[in-house]
Amino acid sequence: MPRAFITGITGQDGQHLAEFLHGKGYEVFGMVKGQNNPKFDQVRDEFPFVEPVPGDLADLPSLVKALEHAQPDEVYNLGAISFVALSFNQAELTANITGLGVLRMLEAIRMVGGAQNNKIRFYQASSSEMFGKVRETPQTERTPFHPRSPYGCAKVFGHDIVVNYRESYDLFACSGILFNHEGPRRGMEFVTRKVTNAVARIKLGLQDELVLGNLDFKRDWGYAGDYVKAMWLMLQQDAPDDYVVATGETHTGHELVEVAFAEAGISDWERYVRQDQKFFRPAEVDLLIGDPTKARTKLGWKPEVDFPTLVKMMVAHDMALESAKLPR
Ligand code: NAP
C-alpha cells in the first residue's frame, strides 16, 4: 500500500486529495497544526481513513517527526497562509509559512530520507499568483514571475527553492502552478464562496446585500476535484517537473456574480451588490489565464468541470447548507 503525507489536510485541496488518494488505495497521513486543535477530531470524523499527525510548517523538528512517523512515499505540501488579502496584513507570517515552510519541508525530507531522499516524491502547491502583473498571456511554465502580493512573493520563493533542491540534491520534487480552483469546500473568505454563499442567503431572505471589492479582475477558475488529480499525476511520472494546471478560459468577477445569481433565479442582481474600497487589494492581479498544454500532453490531464457547472455546484451546495439552518 503506497503511503502519502499531506500538509494542509484541513483545507479545500487537502480534503479532495485525501479522498482521491484513498480511492487509489493509499494509506493517507494528514498534518494538523496547533495545540488541542478541534480540527484533529474533525479530520477523524469526516475522513476516518486519514491518520492525523501533529506538525507545523513553522517548526522543522515537528516536520521531521511527522515524516519519521508516516514514512511516506509521497509528500504533498498544500499547507500555507493561502488568502491573498490576509497576506497583506500578515506578510511576515505568510513569508514564514507559505515561503520558508517549503524549505523546511524539503529539509525534513532530506533528513528523514537520508541517502534515499530521492525515493520520497514531493509535490509543492505553487500558484498562478506568482505571475501577478502578467508578462505574457496566456501564462505557461516559462512565463516570468511578477508577484503582486506577499502571498505571491512567498509562493515564488517556495517554487524556486523546489527547483533548486531538485537540481542540487536530485530530489523528486515537482511544483504544480495551479490556477484558481474552487468548489463547495472553498473557505468562506475566498471570493467565489463568498459570492455563492451570499447568493444562497439572499435567495432565502437571510441577507440583504453582497459587499465586494474590485469585480473587473479576470481569473481562470477550475474545480478543485479535477486539480488534485493533476497533483498525483505529476508524482507518477518518470522524472520530476513543473506544470501549469488551468482550464485555459478566463472569466471576470462580474461574470461570477451574474452566473451565481442567475443560478438562484435572481436576474436583477445589481440591486443586491455593493462595492466597497476596503475589499480592494493594494496591488491587483488583473488577468490570469493559464496554458495547460504541458499538463494535457505529458500528464494526460484535462479539467472535467466547466465554469457554469462549477458555480452551479457551489450555489446548490450553499442553498442546501443555508436551508438546513432555517427553523422548521
Ligand atoms: P486552504 O483551504 O486555505 O488550506 C490551507 C491549509 O494550510 C489549511 O489546512 C491550514 O490549516 C494549513 N496551514 C496553515 N498554516 C499552517 C502551518 N503553519 N502549518 C501547517 N499547515 C498550515 O488552501 P487550499 O485552497 O486547499 O490550497 C492548498 C494549497 O494550494 C495552498 O498552498 C494554496 O496556497 C495553494 N493554491 C491554491 C489555489 C486555489 O485556488 N485553491 C491555487 C493555487 C495554489 P488550518 O485549517 O489548521 O489553518
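By convention here, each chain's residues receive numbers from 1 onward along its written sequence. In view of the model being predicted, local features appear only for residues whose pLDDT reaches at least 70, and side-chain atom pairs are presented and counted only at 80 or more, with totals across whole chains, interfaces and linings using the full set of residues. Note that water and hydrogens are dropped before the side-chain values are worked out from all heavy atoms of the structure.

Describing the sheet that holds strand β3 (residues 50–54)
- Between any two strands, pairing holds if DSSP finds at least two bridges. Helix and strand labels come from DSSP, where a helix needs a run of H or I of at least four residues and a strand needs a run of E of at least two; each type is numbered from the N terminus. Spatially, the seven strands line up as an open sheet ordered β3-β2-β1-β4-β5-β6-β11, and their pairing is parallel. Edge positions in the sheet fall to β3 and β11 (242–245), since each of these pairs with one other strand and no more. Along the sheet, successive strands turn relative to each other by an average axial angle of 20°, direction set aside.
- Here four bridges tie strand β6 (residues 172–178) to β11, and the two strands are oriented parallel to one another. Residue pairing across strands places L178 opposite V245, the latter belonging to β11.
- Two residues qualify as a contact provided that any one of their heavy atoms is within 4.5 Å of a heavy atom in the partner residue. Only C-alpha atoms enter the line fits that serve as axes; for helices the fit covers just the stretch in contact. Angles between N-to-C directions range over 0 to 180 degrees. Contacting β5 (121–127), β6 and β11, helix α6 (residues 150–169) crosses the sheet at an angle of about 150° to β5.
- In this fold helix α8 (residues 224–235) packs onto β4 (74–77), β5, β6 and β11, with an angle of close to 155° to the strand it touches most, β6.

Focus on the packing of helix α7 (residues 191–203) against helix α11 (residues 307–323)
- Running from amino to carboxyl end, α7 crosses α11 at an angle of 50°, the nearest separation of the two axes being 8 Å. The angle between the axes of α7 and α11 places the two elements in the oblique class. Read as a crossing pair, α7 and α11 show a hand that is right-handed. Contact residues: T192, R193, T196, N197, A200, R201 and K203 in α7; V311, M314, V315, H317, D318, M319, L321 and E322 in α11.
- Within the contact of α7 with α11, the residues separate by chemical class into six nonpolar, four polar and five charged. Orientation labels follow simple angle bins: below 35 degrees gives roughly parallel, above 145 gives roughly antiparallel, 65 to 115 gives roughly perpendicular, and whatever is left gives oblique. A crossing counts as left-handed when the near helix is turned anticlockwise from the far one by less than a right angle, and as right-handed when that turn is clockwise. Three classes are used: nonpolar for Ala, Val, Leu, Ile, Met, Phe, Trp, Tyr, Cys and Pro, charged for Asp, Glu, Lys and Arg, and polar for all others, with Gly counted as polar.

Points about the domain arrangement of the protein chain
- For the protein chain, the assigned domains read domain 1 (3–182 + 222–245) and domain 2 (191–219 + 249–287 + 304–323).
- With centres defined by C-alpha atoms, the gap from domain 1 to domain 2 works out at 28 Å.
- Taken together, the contact pairs 14 residues of domain 1 with 13 residues of domain 2.
- Accessible-area loss on putting two parts together, using a 1.4 Å probe and summing over both, is the definition of buried area adopted here. A buried area of about 1,200 Å², summed over both sides, lies between domain 1 and domain 2, and 61% of it is on carbon and sulfur atoms.
- On the domain 1 side of the contact with domain 2, R148, E182 and Y223 bury the most area, a combined 39% of that side's loss.
- Here, a salt bridge means any Lys or Arg side-chain nitrogen found within 4 Å of an Asp or Glu carboxyl oxygen. Here domain 1 and domain 2 share two salt bridges between them.
- Ionic pairing is found between R281 and E129, a salt bridge with its closest N-O pair at 3.3 Å.
- We define a polar contact as two N or O atoms separated by no more than 3.5 Å, with the added condition that, inside protein, one atom must be a possible hydrogen donor and the other a possible acceptor, whereas residues neighbouring each other in sequence contribute only through side-chain atom pairs. Applying the counting criterion to the domain 1 and domain 2 interface returns five residue pairs in polar contact (both at pLDDT 80 or more).
- Contributions of two or more residues to the side of domain 1 that touches domain 2 are made by α4 (84–89), β10 (222–223) and α8. The split of the chain into domains comes from an automatic or database domain assignment.

Notes on helix α5 (residues 91–113)
- Taking 1.5 Å per residue, 23 residues should reach 33 Å; α5 reaches 32 Å between its end C-alpha atoms and fits that length.
- Think of it this way: the bend at a residue is just the angle between two axes, each fitted to seven residues, one set ending at that residue and the other starting at it. Along its length, α5 reaches its greatest deviation from straightness, about 40°, at L100.
- All of the buried residues in α5 are T94, I97, T98, G99, G101, V102, R104, M105, L106, A108, I109 and G113. Multiplying 1.5 Å by the helix residue count minus one yields the expected span of that helix. Think of it in three bands: residues with accessible area under 20% of the maximum for their type are buried, residues over 50% are exposed, and the middle band is partly exposed, with areas taken using a 1.4 Å probe on protein chains only.

Observations concerning helix α1 (residues 12–23)
- End to end, α1 covers 17 Å across twelve residues, agreeing with the expected 16 Å (1.5 Å per residue, within 8%).
- For α1, the tally of buried residues reaches nine of twelve residues, placing the bulk of the element in the interior.
- For α1, every residue scored as buried is listed here: Q12, D13, G14, Q15, H16, L17, A18, F20 and L21.
- Backbone geometry just downstream of α1 places G25 in the positive-phi region, at approximately 90°.

What to know about the pattern of salt bridges
- In this structure the tally under the stated criterion is 18 salt bridges.
- Residue R44 is joined to D41 by a salt bridge in which the shortest nitrogen-to-oxygen separation is 3.2 Å. In this pair, R44 and D41 are both assigned in helix α2 (residues 39–46), three residues apart and thus about one turn of the helix distant.
- What makes D41 partly exposed here is its relative accessible area of 45%.
- Each of E129, R219, R281 and E284 takes part in salt bridges that share partners, so that together they form one network.

Considerations on the site of the ligand
- The near set for a molecule or strand comprises every residue that places at least one heavy atom within 4 Å of it. Close contacts around the ligand come from 26 residues, with T10, D13, K39, S82 and Y151 the closest.
- One nitrogen or oxygen atom from the main chain of G8 is found 3.4 Å from an oxygen atom belonging to the ligand.
- D56 has a polar side-chain atom sitting 2.8 Å from a nitrogen atom of the ligand.
- For the accessible areas, the method is Shrake-Rupley and the probe is 1.4 Å, while residue cover comes only from the protein chains on display. Taking 900 Å² as the accessible area of the ligand by itself, protein coverage stands at 90%.
- Elements with a contribution of two residues or more to the shell around the ligand: α1, β5 and α6.

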